[in-house]
Amino acid sequence: MSSPLRFDGKVVIVTGAGGGLGKAYSLFFASRGASVVVNDLGTITDASADIVVNEITSKGGKAVANYDSVEFGDKIVETAIKAFGKIDIVLNNAGILRDKSFTRMTDADWDIIQAVHVKGSYKVAKAAWDYMTKQGFGRIINTASAAGIYGNFGQANYSAAKLGLFGFSNTLAREGARKNVYTNTIAPLAASKMTETIMPPEILASLKPEFVVPLVAYLCHDSCKENGSIFEVGAGFVSKLRWERSRGVVFKADSSFTPSAVARRIGEIKDFKDPVYPTSIMDTDWVGLLEQAKQLKTN
Ligand code: NAD
């Protein structure tokens, strides 16, 4: 049997860690030797981050609580630096819902979702970035959602934010690669405050947050070179997603390229019999395509 992956000496920020997935990440990383900043929103009656910290420290682990909103992510990173002197791993996990049909959605419903998910993830990653690139190690996990990938009724605001985070991750993945700063995205499924009202109890019972942890921990380990990927994970299921593109059609680049010409060949445009799997902007051979179009013109 291989030895367990450990995180001794690593400093981890987990946002939205007072419960649900964030709590599960915090307990796990601390149990494997990491020092953890347990972030969540606090109120006079809600000291959930402290409860998680106490659970960690009572078992001999290292953790501190932070109650800043992720919109002020620099303060969360400041807490990590003050308490532990560095930051190695950021788990952008905090989240909220403001579900409404698009007809009823207000600007306020839209803005708060973008602020917490997109700006919040940006602010924490941005404040941690220079520390990570300078030390030559960093791991960032951004949290998307199946709602973002596939769409979901009543979640236009949330879907936009969640898939936006995938684009954000992909660019960070490219910019951090040479410095050993790797960014990946997960679309989790787990029983939590967020899902307890929208799923039946018998399904929730098999969706323990702990079943999302192993993938996240693996992706954050020194030994893992995965970068710029997105995974669906939950209930013990883990799978990776990728883009698939049809071969497509090259039209004559002249006045014959009309909407009716598209209509005539739409079957070929949508034909996935012999697909390609682009992984970067460079995977589209625009020069070759232009050449093909030119040849069509002269034939
Ligand atoms: P949860 O509600 O249990 O946890 C989210 C935590 O984020 C809460 O404790 C909340 O107080 C905190 N939070 C909210 N706004 C914050 C802010 N501004 N600053 C700091 N903390 C804040 O939900 P969860 O299911 O554990 O969700 C974790 C993440 O996973 C979220 O980003 C969610 O969108 C995503 N997600 C969850 C599921 C699922 O099935 N549970 C599915 C898809 C995506």
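Just so it is clear, the structure is predicted and the values come from calculations on it, not from any experiment.

J.: What am I meant to see in unusual backbone geometry here?
T.: Glycine aside, residues mostly have negative phi angles, and peptide bonds mostly take the trans form. Phi at Asn180 takes a positive value of approximately 60°, unusual for a residue other than glycine. With respect to the secondary-structure elements, Asn180 resides in the loop between helix H6 (156-176) and strand S6 (181-189). By the C-beta count within 10 Å, which is 16 here, Asn180 ends up partly exposed.

J.: When you look at the site of the ligand in this model, what are you seeing that I'm missing?
T.: Taken together, 28 residues surround the ligand, and among them Gly16, Gly20, Ala94, Gly95 and Ser192 come closest. Of all the secondary-structure elements, those providing two or more residues to the shell around the ligand are helix H1 (20-31), helix H4 (107-135) and S6.

J.: Would you mind going over the sheet that holds strand S7 (residues 230-234) with me for this structure?
T.: For sheets, the rule is that strands pair by backbone hydrogen bonds, running either parallel or antiparallel. Read from one edge of the open sheet, 8 strands run S3-S2-S1-S4-S5-S6-S7-S8, paired in mixed fashion. Edge positions in the sheet fall to strand S3 (62-66) and strand S8 (237-241), since each of these pairs with one other strand and no more. When strand polarity is set aside, the average angle formed by the axes of neighbouring strands in this sheet is 20°. One ladder, built from 3 bridges, connects strand S1 (residues 11-14) with strand S4 (residues 89-92); its direction is parallel.

J.: I keep staring at the packing of H1 against helix H2 (residues 48-58) and nothing clicks. Help me out?
T.: Two packed helices can be described by the angle between their axes and the distance between those axes. Across the interface, H1 lies against H2 with an axial gap of 10 Å and an inter-helix angle of 20°. The orientation of H1 relative to H2 falls into the category roughly parallel. In the crossing of H1 with H2, the sense of the turn from one axis to the other is right-handed. Across from Lys23, Ser26, Leu27 and Ala30 in H1, the residues of H2 making contact are Val52, Glu55 and Ile56. Of the residues contributing to the contact of H1 with H2, the split by class is 4 nonpolar, 1 polar and 2 charged.

About the cut-offs
- Along each chain, residue indices are assigned from 1 in the same order as the chain's sequence is written.
- Only residues with pLDDT of 70 or above have their local features reported here, since the model is predicted, and side-chain atom pairs are shown and tallied only from 80 upward, although totals for entire chains, interfaces and linings are computed over all residues.
- Secondary structure counts use DSSP, requiring at least four H or I residues in a row for a helix and at least two E residues in a row for a strand, with both numbered from the N terminus.
- Once C-beta atoms are placed from the backbone, each residue is buried if 20 or more other C-beta atoms lie within 10 Å of its own, exposed if 12 or fewer, and partly exposed for counts between those two.
- Think of it this way: take the backbone, place a C-beta atom on it, and check whether that atom is within 6 Å of the molecule or strand, in which case the residue is near it.
- Any two strands with at least two DSSP-identified bridges between them are counted as paired.
- The axes are straight lines fitted to the C-alpha atoms, using for helices just the contacting stretch, and the angles between their N-to-C directions are given from 0 to 180°.
- Roughly parallel means an angle under 35 degrees; roughly antiparallel means over 145; roughly perpendicular covers 65 to 115; every other angle is labelled oblique.
- For any helix crossing, the convention is left-handed if the near helix is rotated counterclockwise from the far helix by under a right angle, and right-handed if that rotation is clockwise.
- What counts as a contact is two residues whose backbone-derived C-beta atoms lie within 7 Å of each other.
- Polarity classes work like this: nonpolar for Ala, Val, Leu, Ile, Met, Phe, Trp, Tyr, Cys and Pro, charged for Asp, Glu, Lys and Arg, and polar for all others, with Gly in that last group.

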